[in-house]
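# Geometric and topological summary
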Amino acid sequence: MRKYPLLSALAIATVLAAPATPTLAQTGKLKVGFMLPYSGTYAALGNAIENGFRLYVNERGGKLGGREIEYVKVDDESQPAKGADNINTLIKRDNVDVVVGTVHSGVAMAMAKVAKETGTLLVIPNAGAVAVTGPMCATNIFRTSFSNWQPGYAMGVVAAERGHKKVMTITWKYAAGDESVGGFKEGFEKGGGQVIKELTLPFPNVEFQALLTEIAAAKPDAVYTFFAGGGAVKFVKDYAAAGLNKTIPLYGAGFLTDGTLEAQGDSAQGLLTTLHYGDGLTVPKDKSFRAAYAAAYKMQPDVYAVQGYDAAQLLGIGLSAVKGDFSKKPDLYKAMAAAKIDSPRGAFTLGKNHNPVQDIYLRRVEGKENKVIGVAVKARADPGSGCTM
Ligand code: BEZ
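Being a predicted model, the structure only gives us computed values, none of them experimental.

## Examining the site of the ligand
- In the region of the ligand, 15 residues are neighbours, and Val 103, Ser 105, Gly 128, Tyr 174 and Ala 176 sit closest.
- Note that an oxygen atom of the ligand is positioned 3.3 Å from one of the backbone N or O atoms of Val 103.
- Within the backbone of Gly 128, a nitrogen or oxygen atom sits 3.0 Å from an oxygen atom of the ligand.
- In the complex, the protein chains occlude 100% of the 260 Å² of accessible area that the ligand would expose alone.
- Here the ligand occupies the largest cavity.

What follows is the structure, encoded as structure tokens:
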């Protein structure tokens, strides 16, 4: 018996040659899973990232690439040990299409491993773990923030230019702190400086007193630090309370004073930091972004909000290129990798390792602002060592 008794050969050929109609799954809602810290020292950072992401999507009527966006969220508590379980829950139980997360580098590394194994699209809107865009890099993993090395390196260059010779560092003992100090050391030593002692305490410990006493006794030319969120607020206040801000200049990766100035008050005044965002930029996109963010959330955005906004932009660029057809992964990833992102920080592109190539600004705290006073390093790519894609 003939298999297609009612179809002519021509009709069969026409059916076979027709472009595949997107399945319902490719035209229905696209599920985004936020895996972010909503509790603990990084809670404010997680919320700002989600706000920024939602703002971009809302500006487009709740859609990216024609697909309505639906959200699921999980609080990762900045706990690396729970990272794999949390992302697996989003992927396997909640069936998300893309995961957006996270803040903490240790958690991000656990997420990247699962994303790589399962082929799930992962967009990292903060965590700067060098490995994720280094040895763990993958076609389905993108970052819209920075690598921990980038702001650290920039501050090392600045500290050397300012004539400091012997510097102590203090940070949390985990990937972000280690890599930020590593970047600082590289920039500083290149300029003739020397890191004389590296002080650490476990994340998210904020008992700084003994270490501040050690700094006071050693009297280095300056101190470099990586802290963020609630820990950064406490560190800057404790540094000033110990009177060290009067005698030993404190420098930091910009997370030290971003989103924290309200709480840090006088103790932060005059601090110099390096970061890929700041106040007083003359970027047209920044003006419209700030106005829209303030109108939507009744507060000013910070660097984390920008990174969340840009994560949505990046996904939107990819989805538009494939007209919302999420099954066209190679084309989606190709468009994302080649994206030029119209960021409030200034337009940027991604390096071969999917990490932003961007200017790192030098900022000084003036009142409630991280005023941009210069460009510390221009169009700086992360080295991406060990990334083979
Ligand atoms: C990190 O863990 O990579 C990180 C956390 C907060 C701010 C910046 C980096």
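Picking up after the structure, the text goes on.
## Overview of the state of the cysteines
- Enumeration over the complete set of coordinates arrives at one disulfide.
- The disulfide bridge from Cys 137 ends at Cys 387, spanning 2.2 Å between sulfur atoms. Torsion about the S-S bond of the Cys 137 and Cys 387 cystine: about 90°, corresponding to right-handed handedness. You can see Cys 137 sitting in the loop between β5 (121-124) and β6 (141-143) and its partner Cys 387 sitting in the segment after β15 (369-380), a full 250 residues away along the chain. With respect to burial, Cys 137 and Cys 387 carry one shared label: buried.

## Some details on unusual backbone geometry
- With an omega dihedral of 0°, the bond running from Gly 101 to Thr 102 counts as a cis peptide bond.
- In this fold, Thr 102 is placed in the loop between β4 (98-100) and α5 (105-118).
- Each neighbour pair has its own omega, and for Phe 203 with Pro 204 the value is 0°, a cis peptide bond.
- Tracing the backbone shows Pro 204 in the loop between β8 (194-201) and α8 (209-218).

## Side note on the domain arrangement of the protein chain
- Along its sequence, the protein chain is carved into domain 1 (24-146 + 282-354) and domain 2 (149-275).
- Computed over C-alpha atoms, the centres of domain 1 and domain 2 are 28 Å apart.
- Each partner contributes to the interface: domain 1 provides 15 residues, whereas domain 2 provides 18 residues.
- For the domain 1 and domain 2 pair, buried surface summed over both sides reaches about 1200 Å², with 64% attributable to carbon and sulfur atoms.
- Looking only at domain 1, the three residues that lose the most surface to domain 2 are Thr 41, Tyr 42 and Phe 146, adding up to 40% of its buried area.
- Put simply, domain 1 and domain 2 have zero salt bridges between them.
- There are five residue pairs in polar contact (both at pLDDT 80 or more) connecting domain 1 and domain 2.
- Of all the secondary-structure elements, those providing two or more residues to the side of domain 1 that touches domain 2 are α5 and α12 (303-321).

## Digging into the pattern of salt bridges
- Under the counting rule described, the total for this entry stands at 19 salt bridges.
- Measuring nitrogen to oxygen at the nearest pair gives 2.7 Å for the salt bridge that ties Asp 238 to Lys 234. Placement of the pair is Asp 238 and Lys 234 together in helix α9 (residues 229-241), with a separation of four residues, close to one helical turn.
- Residue Lys 368 pairs with Glu 262 through a salt bridge whose shortest N-O separation is 3.4 Å. With Lys 368 in the loop between β14 (356-366) and β15 and Glu 262 in helix α10 (residues 261-264), this residue pair connects regions lying 106 residues apart in the sequence. Like Lys 368, the residue Glu 262 is exposed in the burial classification.
- Among the charged side chains, a salt-bridge network with shared partners connects Glu 50, Arg 54 and Lys 73.

## Section: the packing of helix α11 (residues 284-297) against α12
- Here α11 crosses α12 at 105°, and the two axes come no closer than 12 Å. Taken together, α11 and α12 sit at an angle that is classed as roughly perpendicular. The segment α11 lies against α12, with Lys 285, Phe 289 and Tyr 293 engaging Ala 305, Val 306 and Tyr 309.
- Among the residues forming the contact of α11 with α12, the class breakdown is five nonpolar, no polar and one charged.

## Description of the packing of aromatic side chains
- With the rule as written, the count across this model stands at 23 aromatic pairs.
- Ring centres of Phe 34 and Tyr 71 lie 5.1 Å apart, and the angle between their planes is 10°; on these two criteria the pair is classed as stacked. Residue Phe 34 is found in strand β1 (residues 30-36), and its partner Tyr 71 is found in strand β3 (residues 67-75); the two are separated by 37 residues along the sequence.
- The class for Phe 34 is buried, based on a relative accessible area of 0%.
- Taken together, the ring pairs in this structure connect Tyr 42, Trp 172, Tyr 174, Phe 203, Phe 208, Phe 227, Phe 235 and Tyr 239 into an aromatic cluster.
- Lying over the aromatic face of Tyr 56, Arg 60 brings its terminal NZ or CZ to 3.7 Å of the ring centre.

The rules behind each value
- In this numbering scheme, every chain counts its residues from 1 along its sequence in written order.
- Where totals are concerned, whole chains, interfaces and linings use all residues; where local detail is concerned, this predicted model gives features only for residues with pLDDT of at least 70, and gives and counts side-chain atom pairs only at 80 or more.
- Excluded from the side-chain calculation are hydrogens and water; included are all heavy atoms of the structure.
- Whether a residue is near a molecule or strand is decided by its heavy atoms; if any one of them lies within 4 Å of it, the residue is near.
- As used in this structure description, the phrase polar contact means that two N or O atoms lie within 3.5 Å; if the pair is within protein, one of them must be able to donate a hydrogen and the other to accept it, and residues adjacent in sequence are counted only when both atoms belong to side chains.
- Note on areas: these come from Shrake-Rupley sampling with a 1.4 Å probe, and a residue is covered only by the protein chains present in the view.
- Here a cavity means grid points, on a 1 Å grid over the protein atoms only, where a 1.4 Å probe fits yet cannot get out; a pocket means an open set of points with protein on both sides within 12 Å along at least five of seven lines; lining residues are those with an atom within 4 Å of a point.
- More than half of a molecule's atoms within 2 Å of the grid points is what it takes for that molecule to sit in a cavity or pocket.
- Sulfur atoms of two cysteines make up a disulfide when they are within 2.5 Å.
- The helix and strand labels rest on DSSP assignments: H or I over at least four residues marks a helix, E over at least two residues marks a strand, and numbering proceeds from the N terminus.
- Relative accessible area decides the class of each residue, using a 1.4 Å probe on protein chains only: under 20% of the type maximum gives buried, over 50% gives exposed, and in between gives partly exposed.
- Domain boundaries shown here were taken from an automatic or database domain assignment.
- In what follows, a contact means two residues having at least one pair of non-hydrogen atoms within 4.5 Å.
- The term buried area means the drop in 1.4 Å probe accessible area that two parts suffer when joined, counted for both and summed.
- By convention in these notes, a salt bridge is any Lys or Arg side-chain nitrogen within 4 Å of a carboxyl oxygen on Asp or Glu.
- The angle between two axes is taken between their N-to-C directions and runs from 0 to 180 degrees, where each axis is a line fitted to C-alpha atoms and a helix contributes only its stretch in contact.
- Roughly parallel here means an angle under 35 degrees, roughly antiparallel means over 145, roughly perpendicular means 65 to 115, and every remaining angle is called oblique.
- Each residue is assigned to one class: nonpolar for Ala, Val, Leu, Ile, Met, Phe, Trp, Tyr, Cys and Pro, charged for Asp, Glu, Lys and Arg, and polar for all the others, Gly among them.
- Between 30 and 60 degrees the pair is tilted, below 30 it is stacked and above 60 it is edge-to-face, where a pair is any two Phe, Tyr or Trp rings, Trp via its six-membered ring, whose centres lie within 6.5 Å.
- Consider the ring centre and the ring normal. A charge sits over the ring if Lys NZ or Arg CZ is within 6 Å of that centre and within 35 degrees of that normal.

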